[in-house]
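# Geometric and topological summary
One letter stands for each residue in the lines below.
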Amino acid sequence: KAGVTQTPRYLIKTRGQQVTLSCSPISGHRSVSWYQQTPGQGLQFLFEYFSETQRNKGNFPGRFSGRQFSNSRSEMNVSTLELGDSALYLCASSFVGYGYTFGSGTRLTVV
Amino acid sequence: GESVGLHLPTLSVQEGDNSIINCAYSNSASDYFIWYKQESGKGPQFIIDIRSNMDKRQGQRVTVLLNKTVKHLSLQIAATQPGDSAVYFCAETGEDSGGGADGLTFGKGTHLIIQP
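What comes next concerns the included structure. (Residues numbered from 1 in each chain as written. Chains lettered and ligands numbered in written order. Predicted model: local features only at pLDDT ≥ 70, side-chain atom pairs only at ≥ 80, totals over all residues. Heavy atoms only, no water.)

### A word on the overall build of chain B
To keep things clear, this is the line we draw: Here a helix means four or more residues in a row that DSSP labels H or I, a strand means two or more in a row labelled E, and each is numbered from the N terminus. For the exposure calls, accessible area comes from a 1.4 Å probe over protein chains only, and a residue counts as buried if that area is under 20% of its type's maximum, exposed if over 50%, partly exposed in between. In what follows, a contact means two residues having at least one pair of non-hydrogen atoms within 4.5 Å. Only the protein chains shown count as covering a residue, and every accessible area follows the Shrake-Rupley method with a 1.4 Å probe.
Across its full length, chain B carries zero helices and 11 strands. In chain B, which comprises 116 residues, the proportion classed as buried is 44%. Restricting to contacts in chain B with at least 6 residues of sequence separation, those with at least 24 account for 53%. Carbon and sulfur atoms provide 46% of the accessible area of chain B, an area that totals close to 5600 Å².

### Observations concerning the pairing of strand β3 (residues 19-24) of chain A
All names here are of chain A. What counts, and what does not: Two strands form a pair only when DSSP identifies at least two bridges running between them.
Relative to β3, strand β1 (residues 5-7) is paired through three bridges, and the arrangement is antiparallel. Note on β3: the bridge partner recorded for Thr5 is Ser24. In terms of strand pairing, β3 meets strand β8 (residues 74-78) through five bridges, oriented antiparallel. Paired with Ser22 across the two strands is Glu75, which belongs to β8.

### Structural notes on the sheet that holds strand β7 (residues 64-68) of chain A
Residues and elements named next belong to chain A. To be explicit about the condition: Throughout, an axis means a line fitted to C-alpha atoms (over the contacting stretch in the case of helices), and angles, computed between N-to-C directions, take values from 0 to 180 degrees.
An order of β1-β3-β8-β7 is seen for the four strands of this open sheet, with the pairing classed as antiparallel. Looking at the sheet topology across the chains shown, the edges are occupied by β1 and β7. For this sheet, the mean angle separating the axes of adjacent strands, direction not counted, is 15°. Note that β7 and β8 share five bridges and pair antiparallel. Residue Ser65 lies in a different strand from β8, and its bridge partner there is Asn77.

### A short note on the interface of chain A and chain B
Interface size, as often reported, equals the accessible area lost upon joining of the parts. Selection rule: A quick way to say it: buried area is the sum, across both parts, of accessible area lost when two parts are put together, with a 1.4 Å probe. We define a salt bridge as a side-chain nitrogen of Lys or Arg found within 4 Å of a carboxyl oxygen belonging to Asp or Glu. Residues adjacent in sequence count toward polar contacts only when both atoms are side-chain atoms; beyond that, a polar contact is any pair of N or O atoms within 3.5 Å, and within protein one must be able to donate a hydrogen and the other to accept it.
At the junction of the two partners, chain A supplies 20 residues and chain B supplies 23 residues. For the pairing of chain A and chain B, the buried interface totals around 1700 Å² over both sides, and the portion due to carbon and sulfur atoms is 53%. When the buried surface of chain A facing chain B is broken down by residue, Leu43, Tyr98 and Tyr100 of chain A rank first, second and third, together holding 36% of it. The tally of links from chain A across to chain B stands at zero salt bridges. Along the contact surface separating chain A from chain B lie four residue pairs in polar contact (both at pLDDT 80 or more).

### Some thoughts on the nonpolar core
Condition: We define the nonpolar core as a collection of buried residues of types Ala, Val, Leu, Ile, Met, Phe, Trp, Tyr and Cys that are connected through side-chain atoms lying within 4.5 Å of one another.
Trp34, Leu46, Phe64, Met76 and Tyr89 of chain A are the most contacted members of the largest nonpolar core, which has 21 residues in total. For this core, the secondary-structure elements that each account for two or more residues are β3, β4 (31-38), β5 (42-50), β8, β9 (87-95) and β11 (106-110) of chain A. The next biggest cluster of nonpolar side chains, apart from the first, holds 20 residues, and it includes Trp35, Ile48, Ile77 and Leu112 of chain B.

Purely geometric numbers; function is a separate question.
Here is the structure:
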């Protein structure tokens, strides 16, 4: 059974640009959640999608957004990038809120 | 806000010894807890989970204990091996009223170092 796939693995962007990250969950999982990991703040919850609907959102500015498609694949977008957005972005898929499985993440560097 | 935390940022143990990693949580509404292992450059790897209606759950070489009275979670690793070196995170969540997931709240992590 394939795991959670995140693309791309690495990204370098310039301040002010926008970026879109992709996450394909485990087959049959309808819930996808996103997290930001930095050395200073640790792992922080961004948002969670279930059946194409955002169910919960963490404490992040509106520049961070996401969506989920009918096949449960999810994307997150960060607009007007700032240096502080440099982080490892992780997504996790779960089956109705249990057994969260993470992908390898996308390492975003903003220069 | 409410958060899940770990007591020690670093834990050093001898190879072959048992390791115990602790975590305190503050959200009494949490009903599902997970331990993750994260190695450098990788995403968190699921180790073991426990629901709030249980006190103990065992896996292969790992045991999770949950004490709801004092809101404390621990991970015990038996016969620690070099491959156990990693950062360990506890995480908690609760099911929202609509049946969806709240997302995970993580502790800050404990770096487990295995001494030869």
